[in-house]
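# Structural overview
The chain contents come next:
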Amino acid sequence: MFKLTSLNLNGIRSATSKGVEAWIAAIAPDCICVQEVKAQAADVQGKFEQLAGLQGHFHFAQKKGYSGVGVYTRHTPSDVVIGYGSTEFDAEGRYVELRFDTPTRKLSIISCYFPSGSSGEDRQLAKFRFLAEMGPYLAHLKKTREFILCGDVNIAHQQIDLKNWRSNQKNSGFLPEERAWMTYVLAHPEAAEAAGMGLVDVYRQLQPTATDTAYTWWSNRGQAYANNVGWRLDYHLATPALAALARTEHIYKDVKFSDHAPITVDYELTL
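Summarised in this report is the structure supplied together with it. (Residues numbered from 1 in each chain as written. Predicted model: local features only at pLDDT ≥ 70, side-chain atom pairs only at ≥ 80, totals over all residues. Heavy atoms only, no water.)

On to helix α4 (residues 121-144). The end-to-end C-alpha separation of α4 is 35 Å, in line with the 34 Å expected for 24 residues at 1.5 Å each. Of the residues making up α4, those classed as buried are Gln124, Ala126, Lys127, Phe130, Leu131, Met134, Gly135, Tyr137, Leu138 and Leu141. In the core, the buried residues of α4 are packed alongside β7 (95-99), β8 (107-113), β9 (146-152) and α5 (176-186). (Helix = DSSP H or I, 4+ residues; strand = E, 2+ residues; numbered from the N terminus. Expected span 1.5 Å × (residues − 1). Buried < 20%, exposed > 50% of the residue type's maximum accessible area, 1.4 Å probe, protein only. Contact = heavy atoms within 4.5 Å.)

The strand order across the open sheet built from 7 strands is β3-β4-β5-β2-β1-β15-β14, with neighbouring strands paired in mixed fashion. Each having just a single partner strand, β3 (50-51) and β14 (246-251) make up the two edges of the open sheet. Direction of pairing for β3 relative to strand β4 (residues 54-59): antiparallel, over a ladder of 2 bridges. Opposite Leu51, over in β4, you have Leu54 as the bridge partner. (Pairing = 2+ DSSP bridges.)

Moving on, we get to the layout of surface pockets. The calculated volume of the largest pocket comes to roughly 670 Å³. When grouped by side-chain class, the residues that make up the lining of the largest pocket number 6 nonpolar, 14 polar and 6 charged. (1 Å grid on protein atoms, 1.4 Å probe; cavity = no way out; pocket = protein on both sides within 12 Å on 5 of 7 lines; lining within 4 Å. Points joined across faces, edges and corners; volume = space filled by probe spheres on them. Nonpolar A, V, L, I, M, F, W, Y, C, P; charged D, E, K, R; others polar.)

Let's shift gears to the pairing of strand β1 (residues 2-8). Burial analysis of β1 places 6 of its 7 residues in the buried class, which makes it a mostly covered element. When β1 meets strand β15 (residues 263-267), the two strands line up antiparallel, connected through 5 bridges. The residue of β15 that forms the bridge with Phe2 is Tyr267. Note: β1 against strand β2 (residues 31-35), 5 bridges, orientation parallel. Bridged to Asn8 within β2 is Gln35.

Moving on, we get to unusual backbone geometry. In this structure, Asn10 is a non-glycine residue whose phi angle is positive, near 50 degrees. On the secondary structure map, Asn10 appears in the loop between β1 and α1 (12-17). The residue Lys38 is not glycine, and still its phi comes out positive at about 55 degrees. Residue placement: Lys38 occurs in the loop between β2 and α3 (41-44). Judged by relative accessible area, which is 23%, Lys38 ranks as partly exposed.

All right, on to the pattern of salt bridges then. Evaluation of the coordinates by the stated rule reveals 14 salt bridges. Here Arg123 and Glu92 are joined by a salt bridge, their closest N and O atoms 3.3 Å apart. One end of the pair, Arg123, is in helix α4; the other, Glu92, is in the loop between β6 (79-82) and β7, with 31 residues separating them in the sequence. Among the salt bridges present, the one from Arg247 reaches Glu268, with a minimum N-O distance of 3.2 Å. Placement of the pair is Arg247 in strand β14 and Glu268 in the segment after β15, with a sequence separation of 21 residues. Judged by relative accessible area, which is 36%, Arg247 ranks as partly exposed. Beyond isolated ion pairs, a larger network of salt bridges with shared partners links Asp161, Asp201, Arg204 and Arg232. (Salt bridge = Lys/Arg side-chain N within 4 Å of Asp/Glu carboxyl O.)

In C-alpha cells:
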C-alpha cells in the first residue's frame, strides 16, 4: 500500500512544536504533502529538510511567513517541479510536484495550496484568477501523466462539505463560482450536460455521504472545533486510474497541529 497524507501546517515551526514529527513517524506515510509552510529556505535549512526520516521538497513564497508548500517522501523522485509557470502565483509558493516516472508510467504527487478569498475582494479576485489558471494546467497535465493532487483547496464543493452551508452561500469558500469550478474539475469529460475534466475527489469516492466526519478545517472563532462546525477544504484530487486504487481513508480530527486536520488515503500502488 502507498500511504499518502495531506496537511495544512499553518506554519511548520508551529506544527513541529506541537508534535507533528512524532505523529508522522507513528502513522508512517510514504509521502506527506504539506501546505502553509510559512517559512523560507533559510528557516528550513538544517531544521526541517527532513521530518521523521522523510526528505522534503519545497516551493517557498517570496513573502516571509506566507504560504509555501512541500512534499516529504521516503522515495526518491525522478524529477521535482517547482511552481506551475504562473507569472502571478509562483511567487506565492503554491505548487510543488514530485514525479516518480518509470519506463512504463508517468506519475506525480502534487502539493498545492489554493488562495483564500476570505480576507477581502482583492484576494477573492486573485483566487478566481488562480482557478482560471489551474484548471487548464491540470487538464493539460492529465493528458500527459497520472497524478494525485493533495492540498488545501479552500473550497467546500457540496452542501454536505460544511456544517452551516445555508449561511455561507455568499462567503468565500462556498461561492457558486468556486463550487462550479470544482464541479467542472470533477465532472466526467463525456457528461451529457457540460463536459468536465474528469478528476476524482478520492474522499467522496470512498465516503459519498459523510457529513460531520468529513470536515478538515475549523475556524478559530467561537467554539467551532469543539462543536465540530467545520468545512471540508482538504482534498486528494486524482486521475481516474489512480483514484481506482484508493482503498481506505482517515481524517485525523483528534490530533491538532493546526486549524486543519490531516487526511490520509491508502492506495494499492507501489512507487
